[in-house]
Amino acid sequence: MIILGIHDGHNASAALIVDGKLICAIGEERLSRDKHQYGYPAKAIETVLKFGNINPSDIDRVAMATPTLPPAYFYTQRNSTFSINDYWKEQREYWYPKLFENKNPKYLDIFSHKVNKDSFPYDESLIKDEKDHEGMLQARLKHLTETLNINKEIVSVHDHHESHAYYGYISSPYRNDASLVYTMDGGGDNANGTVSIGVAGEPLNEISRSSNCNIGRMYRYATLLLGMRPADHEYKLMGLAAYNSEKYGKSSYDVYAETLQVDGLGFKYKNEIKDHFWYFKDKLEGQRFDAVAYGIQKRCEVLLTEWISNGIKETGIGNIVMSGGVAQNIKANKLIAELDGVNQVFIPPGPGDESISIGAAFLELVKNGMQVSDIKSPSDGYFGPSHSEDSVKQAIDKNAKPDWSVRKVKPSDVAELIANGDVVSRFGVESMEFGARALGNRSIIADPRRPDVIHHINKLVKMRDFWMPFAPSILAERENDYMINPKGIDGRFMAVGFDSTELAKEHLPAGLHPFDRSARPQIVHKEDNPSYHALIKAFEDLTGVGALMNTSFNIHGEPIVGTPDDAFDTFARCGLHHLLIGEWLISKPA
């Protein structure tokens, strides 16, 4: 059975599954170059079908995620196009009048400058108004079926949180044991948190669903209150929070603690609030920026650990799977992994909305009678297309400038460059990693022993906030030398934080958090990425250090590079001097 999975909300994506095996999945932003792309993922669909050598007429079923998406967001491309000022405008001119002044403002009037109806691909005659998600769904289905020239009868639309849950559950290599599957996000299909039980070989049994799991919403608006972009820069608050402490951040924490509470497997409010922006804006006025970051991060940790502890107590299951945007909070995930009763924590690559195209496709297989045990778990985090040697040579011939040197190299040559202090952007020609974390094939890599390299990379390309850490890519055989992980928690996807050893503080200072010396490592197994593993091993042979510093290959504010042409374009526009694409090293003049 051939299944095409589609997500056409924010972080739009497409996935192709053939006979229960994930063949290819990619986010639209990697191809469109619009970060957090919202809407029909035309390029992603084309790419996954081409990679699988599938024509639209070959497709047996199409699985879409999330039936309830409002037309207003499709018109404005909200998550892709909104600036920080736009999000403030949204609060002042739309939500405040609506919630506090009993007015009925029109979203599309407020953001008319964002709307280009000439480029709106959907049939507007099906849509009554800017809130009509039912009409929008019919317009989405019509556009999809006409674009692919397929019968509407083969299309199913699946619940947002079920799609999150099935992505996490099917992706887990630990699902032969009973699993407790949590979903958590800002919201989708009138819910923002679920708990399900997965028994080996069986479909999920959802035991709790909440529309009050507002951890993501609270965090999103804390991000905006601190002048950062919501649904984008939450990770910056997480990194900042470590610089404060209970002594100075308790009053901010108490503001959050007086509202949302865990209630068994659901949530309730100690003090009811009308919204999650203006309430906290008023209550937090005068608080230090790092105290606010500490307060929301600490409350996120307390709520999540209590919620998951309650699930373990109620079910006796200690194998935890987490999916949804909030599952990207690596600091909270660290504390969850350390809980008594937790045996394993699995967060799949790209657990946010970018992966519900995959989850919807998995769910479609189950709905069509395929046994869960017959659906193959992806073996690694590299779901995207690969590139041939010929395509790499074509990209070099097309993009390399006359004064750039081009030479074929061995891992030891690149390791020597890095050990001498050079920074290398790496484009692996094997399958591209999925999600927001660079796992070596779309990475900027450097010597982890050198803290000065952080400033160097920020100056050249990343422009990253001064408090933000980079991450280490660590050889699997050296994991215990550097990370404190007594339970053997899966650390392949930079999804869980760990404390570091004394040797890590000596060998990997550039890959640790500057203040608390923790890390969100990528543990690199040879079978997952042989060429990247070989490069790190060559660096170890040269230096004795079994890791590299790793950050994503992109200019600040842009998506991670997707194609060889993107790699050259980014390389040309930034201050990096070396591009490794496959076995070819391209270097700018010294």
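Residues numbered from 1 in each chain as written. Predicted model: local features only at pLDDT ≥ 70, side-chain atom pairs only at ≥ 80, totals over all residues. Heavy atoms only, no water.

Trainee: Can you break down the packing of helix α10 (residues 234-241) against helix α13 (residues 289-315) residue by residue, with the values?
Mentor: The axes of two packed helices give the description: the angle between them and the distance between them. At a minimum axis separation of 8 Å, α10 and α13 run at an interaxial angle of 100 degrees. Between α10 and α13, the interaxial angle falls into the category roughly perpendicular. Across the interface between the two elements, L237, M238, L240 and A241 of α10 pack against F289, D290, A293, Y294, I296 and Q297 of α13. Residue classes in the contact of α10 with α13 are distributed as eight nonpolar, one polar and one charged. (Axes fitted to C-alpha atoms, helices over the stretch in contact; angles between N-to-C directions. Helix = DSSP H or I, 4+ residues; strand = E, 2+ residues; numbered from the N terminus. Parallel < 35°, antiparallel > 145°, perpendicular 65-115°, else oblique. Contact = heavy atoms within 4.5 Å. Nonpolar A, V, L, I, M, F, W, Y, C, P; charged D, E, K, R; others polar.)

Trainee: How would you explain the pairing of strand β4 (residues 61-65) if you had to name every residue and give the values?
Mentor: Along β4, five of the five residues are buried, which leaves the element largely enclosed by surrounding structure. With burial as the criterion, each face of β4 is covered, one bearing R61, A63 and A65 and the other bearing V62 and M64. (Buried < 20%, exposed > 50% of the residue type's maximum accessible area, 1.4 Å probe, protein only.)

Trainee: For the sheet that holds strand β20 (residues 547-552), give the residues involved together with the corresponding values.
Mentor: If you walk across this open sheet you meet the eight strands as β13-β22-β21-β14-β15-β20-β16-β19, and the pairing is mixed. A single partner strand is all that each edge strand has here, and the edge strands are β13 (405-408) and β19 (522-524). In this sheet, adjacent strand axes meet at a mean angle of 30 degrees when their direction is disregarded. Relative to β20, strand β16 (residues 471-475) runs antiparallel, the two sharing four bridges. (Pairing = 2+ DSSP bridges.)

Trainee: So, the environment of R520: which residues are in play, and what are the values?
Mentor: Mapped onto the elements of the fold, R520 is located in the loop between α20 (502-507) and β19. R520 gets classed as buried once you look at its relative accessible area, which sits at 16%. Here the alpha-carbon distance between R520 and K334, two residues 186 residues apart in the chain, equals 9.2 Å. Those residues in contact with R520 that sit more than four places away from it in its chain are I330, R437, R464, P469, A471, P472, M494, V496 and G497.

Trainee: Tell me about the packing of aromatic side chains, and name the residues and values.
Mentor: Scanning all chains against the criterion turns up 27 aromatic pairs. Between the aromatic rings of Y182 and W307, the centroid separation amounts to 4.7 Å while the plane-to-plane angle is 80 degrees, which identifies the pairing as edge-to-face. Separated by 125 residues along the polypeptide, Y182 in strand β6 (residues 179-188) and W307 in helix α13 bring together distant segments of the chain. For the pair shown, Y182 and W307 are each scored as buried. Centroid distance F277 to W278: 5.0 Å. Interplanar angle 90 degrees. Geometry classified as edge-to-face. Under the relative-accessibility criterion, W278 is labelled buried at 13%. Taken together, the ring pairs connect Y38, Y73, F74, Y75, F82, Y87, Y94, W95, Y107, F111, F120 and Y122 into an aromatic cluster. Its end group placed over the ring of Y221, R220 keeps NZ or CZ at 5.1 Å from the ring centre. Directly above the aromatic system of F571 lies the positively charged group of K588, at a separation of 4.4 Å from the ring centroid. (Phe/Tyr/Trp six-rings, centres within 6.5 Å; stacked < 30°, edge-to-face > 60°. Lys NZ or Arg CZ within 6 Å of the ring centre and 35° of its normal.)

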